[in-house]
Amino acid sequence: MVNVDTLASMTIDADLKELAQAKNFAALTTLMPDGQPQTQLMWVHADDDHVFINTETGRQKFANLQANPRVTITVFDANNPYRYVEARGHVADTEAGEVARSNIDELAHKYTGADYANPIGTERVIVRIAVDKVHKNGV
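None of these values were measured; they are calculated from a predicted model.

A. The arrangement of the side chain of Lys 110 in detail. Residue placement: Lys 110 occurs in helix α3 (residues 98-112). Buried charge without a partner: Lys 110 forms no salt bridge, and the closest opposite charge is Glu 106, 9.6 Å away. A distance of 2.6 Å separates a polar atom in the side chain of Lys 110 from the backbone oxygen of Ala 20. Of the polar contacts made by the side chain of Lys 110, one reaches the backbone oxygen of Val 44; its length is 2.6 Å. Excluding its chain neighbours within four sequence positions, the residues that come into contact with Lys 110 are Ala 20, Gln 21, Ala 22, Lys 23, Val 44 and His 45.

B. Quick look at helix α1 (residues 14-21). Those residues of α1 lying buried are Leu 16, Leu 19 and Ala 20. Buried residues in α1, looked at end-on, bunch into an arc of 95°, giving them a common side. The secondary structure elements touched by the buried residues of α1 are β4 (45-46), β5 (51-56), β6 (70-77), β7 (80-96), α3 and β8 (124-137). N-capping of α1 is provided by Asp 13, with a side-chain oxygen placed 3.0 Å from the backbone N of Asp 15.

C. Broad picture of helix α2 (residues 60-67). Among all positions in α2, only Lys 61, Phe 62, Asn 64 and Leu 65 are buried. All buried residues of α2 fall inside an arc of 160° around its axis, so they share one side. Set apart from the buried face of α2 by more than 90 degrees, the exposed residues are Gln 66 and Ala 67.

Cut-offs applied
- Throughout this document, residue positions are counted from 1 along each chain, in the order its sequence is written.
- The predicted origin of the model limits local features to residues at a pLDDT of at least 70 and limits the giving and counting of side-chain atom pairs to 80 or more, whereas totals for whole chains, interfaces and linings rest on all residues.
- Excluding hydrogens and water, the side-chain figures rest on all heavy atoms present in the structure.
- Per the convention used, a helix needs a DSSP run of H or I reaching at least four residues, while a strand needs a run of E reaching at least two, with both numbered from the N terminus.
- Summary of the burial criterion: residues with accessible area below 20% of their type's maximum are buried, those above 50% are exposed, and those between are partly exposed, where the area comes from a 1.4 Å probe applied to protein chains only.
- Only four residue types enter the tally: Lys and Arg on the positive side, Asp and Glu on the negative side, with His and both chain ends excluded.
- Salt bridge criterion: a side-chain nitrogen from Lys or Arg within 4 Å of a carboxyl oxygen from Asp or Glu.
- Pairing of N or O atoms within 3.5 Å defines a polar contact, subject to two protein rules: one partner must be a possible hydrogen donor and the other a possible acceptor, and residues neighboring in sequence count only if both atoms are side-chain atoms.
- Working rule for contacts: check all heavy atoms of both residues, and any pair within 4.5 Å makes them a contact.
- Directions drawn from the helix axis to the C-beta atoms are what define this arc.

Printed below as a string of structure tokens:
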């Protein structure tokens, strides 16, 4: 079943929240300076109001988001990739510093069971995404 909704409130879609809070990956699409899309697989999480990712300020995706805050993020069910929620939205806010550094360890524990192991080259930042529309498949 495919359903396209415009979200009127700040609360995100329940299926999107459920998928993002579980150990599922997301495909994040941003726009490069020349307008071409760039997509990366990401760790993802959600609260009642936003979907969020954690990245570094020195990464291309963060530069893309600063230049154009529109994004699409699709969260796939790890057990059934035909079950997913695509969220179209925009960056609502970002948060850097120690909170973002702690958050990457929380996400690493969710996905790997241990602290974040990769070297960090630039400052970590949490990117909170406000959802404007959703498209669901299999939910």
